[in-house]
Amino acid sequence: MTLTPKPARRGDPNVAALLTWFLPGAGHLYLGQFAWGVALFALVDGLFFLGLRLSGGMTFEFLDPELRSPFAPALSPEIANLGGMLWQMRNYGFGPGIVRPFPDGIVLGSMLTALSGVLNAVAMCHAHTAARASAPEAARRTALATLCAWLLPGLGHFLQGRRTRGAIVFALLVGCFVLGTVLAEGSNLSRERHFYYWAGQFGIGLPALLGELAFGSMRVTRDIGFVDAGLVFASVAGMLNVLAMIDVYGWSESKELGLPLKRSEVETPAASKVEIRL
Amino acid sequence: MSGLWVHLLLFLLMGTAIVTLGTFYADAEDGRARKLWPRRMLSFFGGCAVLVIVMLVCEHTFAALG
């Protein structure tokens, strides 16, 4: 019988990830990685507060009055930076309750607060791996692959050497996002217009970011025939990319920590021949 | 092409993306995922077809205006 060596643990990976969720960098401080902790706090919360400043804290005022509740903003990318989101809710909430003009930097600002959420999710991946990895590069590679998987669907798989899978993920998800945007005639690329669909499509990374910067401010002056289908396509493509990110993270985690790869419960010929005798 | 056929085509596309990503998520090995994919496609679209039939029967039985 051979025993696989247990990876070194710096701390509980779940505690490290949870601490990072509440406060960027806190999980790394818990693991004794001071430099990482400070750098991540500065990056993630720096982006968040820059976004808040540009948007005047008015992002959640995009929500229609009937949709506003304490849990309504939880379905936005900011949820991955829980401390920041709670701070925003406490200090800005849904505004004073009167209709007022949005500041000029609202689009970029709300994009930055959402981006800080995604980056904090990647920081959570880093902390979760760093708690168990013996070499610091392992956590860095895992987090980088996960970040790349968000930036461009399939890129994370490609960097891992899983090129066929990466090409399929890219073709399917970017294809669905582009088709959705064409069907919705670009009207999906606005957080103000479609708060929750926007949150879904933000999961596809650069295509959504660049698309919004290029076409997000266009006006809708007539009925769009397939707008609903377009919104669903773009939003589901983004959410499916989150699955792809988890797949990339799981693969890296298995490779770096020597864990078994995720396998489905498929009935194999050997398994089907097992007899159970009572 | 009528609206129904366009929607069916769009559903086919989105269903393929959902099943494929679901299969990739379920199995990290490409070879095993490839073997799993046809059965998953069949169960997904078969299940959807059964659901459509049940809904049409219910509509015809309980909600028909005629």
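Remember, it's a predicted structure, so these values are computed and weren't measured experimentally.

## Topic: the overall build of chain B
Here is step 1: Scanning chain B for helices and strands turns up 2 helices and 0 strands.
Here is step 2: Over its C-alpha trace chain B gives a radius of gyration of 16 Å, far above what one expects of a compact globule, namely 11 Å for 66 residues.
Here is step 3: Summarising its shape, the C-alpha atoms of chain B cover approximately 55 × 25 × 15 Å along the three principal directions.
Here is step 4: In chain B, buried positions account for 30% of the 66 residues.
Here is step 5: Here chain B has roughly 4,600 Å² of accessible surface; of this, 76% comes from carbon and sulfur atoms.
Here is step 6: Across chain B, the mean location of the 5 positive side-chain charges is 8 Å away from that of the 4 negative side-chain charges.

## Examining a nonpolar patch on the surface
Residue and element names in this part refer to chain A.
Here is step 1: Taken together, the side chains of Leu50, Leu54, Leu108, Leu206, Leu210 and Leu213 make up a nonpolar region of the molecular surface, amounting to roughly 510 Å² of accessible area.
Here is step 2: Looking at the nonpolar patch, the elements that each hand over two or more residues are helix H3 (34-55) and helix H10 (206-215).
Here is step 3: Relative to the helices and strands, Leu210 is located in helix H10.

## Notes on unusual backbone geometry
Here is step 1: Look at Glu185 of chain A: it is not a glycine, yet its phi comes out positive at around 50 degrees.
Here is step 2: Mapped onto the elements, Glu185 of chain A comes out in the loop between helix H8 (163-183) and helix H9 (195-201).

## Let's talk about the side chain of Arg191 of chain A
Residue and element names in this part refer to chain A.
Here is step 1: Here Arg191 shows up in the loop between H8 and H9.
Here is step 2: We classify Arg191 as buried; its relative accessible area is 2%.
Here is step 3: Here the side chain of Arg191 touches Glu78 through a polar contact of 2.9 Å, side chain to side chain.
Here is step 4: For Arg191, the side chain forms a polar contact with the main-chain oxygen of Ser110, separated by 3.2 Å.
Here is step 5: Sequence-distant contacts of Arg191, defined by excluding residues within four places in its chain, comprise Thr59, Phe62, Ser76, Pro77, Glu78, Ser110, Thr113, Ala114, Trp198 and Glu212.

## Regarding the nonpolar core
Here is step 1: With 23 residues, the main nonpolar core has Phe177 of chain A together with Leu21 of chain B as its most contacted residues.
Here is step 2: Taken together, the elements giving at least two residues each to this core come down to H8 and helix H11 (227-257) of chain A together with helix H1 (3-26) of chain B.
Here is step 3: Ranked by residues supplied to this core, first place goes to H11 of chain A with 7 residues.
Here is step 4: Those residues in contact with Leu21 of chain B that sit more than four places away from it in its chain are Val169, Leu172, Leu173, Leu240, Leu243 and Ala244 of chain A.

## Quick look at the packing of aromatic side chains
All names here are of chain A.
Here is step 1: In the structure shown here, the tally under the stated rule is 12 aromatic pairs over all chains.
Here is step 2: Centroid distance Phe49 to Trp87: 5.1 Å. Interplanar angle 80 degrees. Geometry classified as edge-to-face. Placement of Phe49 in helix H3 and of Trp87 in helix H4 (residues 82-91) is noted, with a sequence separation of 38 residues between them.
Here is step 3: For Phe49, a relative accessible area of 35% gives the class partly exposed.
Here is step 4: Each ring, one from Trp150 and one from Phe202, has its centre 5.7 Å from the other, and the planes form 50 degrees; the classification is tilted. Taken as a pair, Trp150 in helix H6 (residues 136-151) and Phe202 in the loop between H9 and H10 lie far apart in primary sequence, 52 residues in all.
Here is step 5: Within the aromatic cluster, the residues linked to one another by ring pairs are Phe48, Phe49, Trp87 and Tyr92.
Here is step 6: Above the ring of Phe158, the side-chain terminus of Arg163 is found at 4.7 Å from the ring centroid.
Here is step 7: A cation over a ring is seen here: Lys255 above Trp251, with NZ or CZ 4.7 Å from the ring centre.

## With respect to helix H1 (residues 13-22) of chain A
Residues and elements named next belong to chain A.
Here is step 1: The set of residues buried in H1 consists of Pro13, Ala16, Ala17 and Thr20. Down the axis, H1 shows its buried residues gathered within 95 degrees of arc, on one side only.
Here is step 2: Its buried side turned inward, H1 meets helix H2 (26-30) and helix H5 (106-130).
Here is step 3: Measuring from the backbone nitrogen of Asn14 back to the side-chain oxygen at the start of H1 gives 2.8 Å, which picks out Asp12 as the cap.

## Some points on the packing of H5 of chain A against H11 of chain A
All names here are of chain A.
Here is step 1: One way to put it is that H5 packs onto H11 with a least axis distance of 11 Å and a crossing angle of 20 degrees. Taken together, the axes of H5 and H11 lie roughly parallel to each other. Where H5 crosses over H11, the two elements pack in a sense that is right-handed. On H11, the residues that touch Cys125, His128 and Thr129 of H5 are Tyr249, Glu253 and Leu257.
Here is step 2: Split by residue class, the contact of H5 with H11 holds 3 nonpolar, 2 polar and 1 charged.

Reading the values: rules and limits
Residues numbered from 1 in each chain as written. Chains lettered and ligands numbered in written order. Predicted model: local features only at pLDDT ≥ 70, side-chain atom pairs only at ≥ 80, totals over all residues. Heavy atoms only, no water. Helix = DSSP H or I, 4+ residues; strand = E, 2+ residues; numbered from the N terminus. Rg over C-alpha atoms; globule rule 2.2 N^0.38 Å. Buried < 20%, exposed > 50% of the residue type's maximum accessible area, 1.4 Å probe, protein only. Areas by Shrake-Rupley, 256 points an atom, 1.4 Å probe, with all protein chains shown as cover. Lys, Arg positive; Asp, Glu negative; His and termini not counted. Charge placed at Lys NZ, Arg CZ, Asp CG, Glu CD. Patch = residues over 30% accessible without salt bridge, like charges linked within 9 Å, V, L, I, M, F, W, Y side chains within 5 Å. Salt bridge = Lys/Arg side-chain N within 4 Å of Asp/Glu carboxyl O. Polar contact = N/O pair within 3.5 Å; in protein donor to acceptor, adjacent residues only side chain to side chain. Contact = heavy atoms within 4.5 Å. Core = buried A, V, L, I, M, F, W, Y, C linked by side-chain atoms within 4.5 Å. Phe/Tyr/Trp six-rings, centres within 6.5 Å; stacked < 30°, edge-to-face > 60°. Lys NZ or Arg CZ within 6 Å of the ring centre and 35° of its normal. Arc of directions from axis to C-beta. Axes fitted to C-alpha atoms, helices over the stretch in contact; angles between N-to-C directions. Parallel < 35°, antiparallel > 145°, perpendicular 65-115°, else oblique. Left-handed = near helix turned anticlockwise from the far one by under 90°. Nonpolar A, V, L, I, M, F, W, Y, C, P; charged D, E, K, R; others polar.

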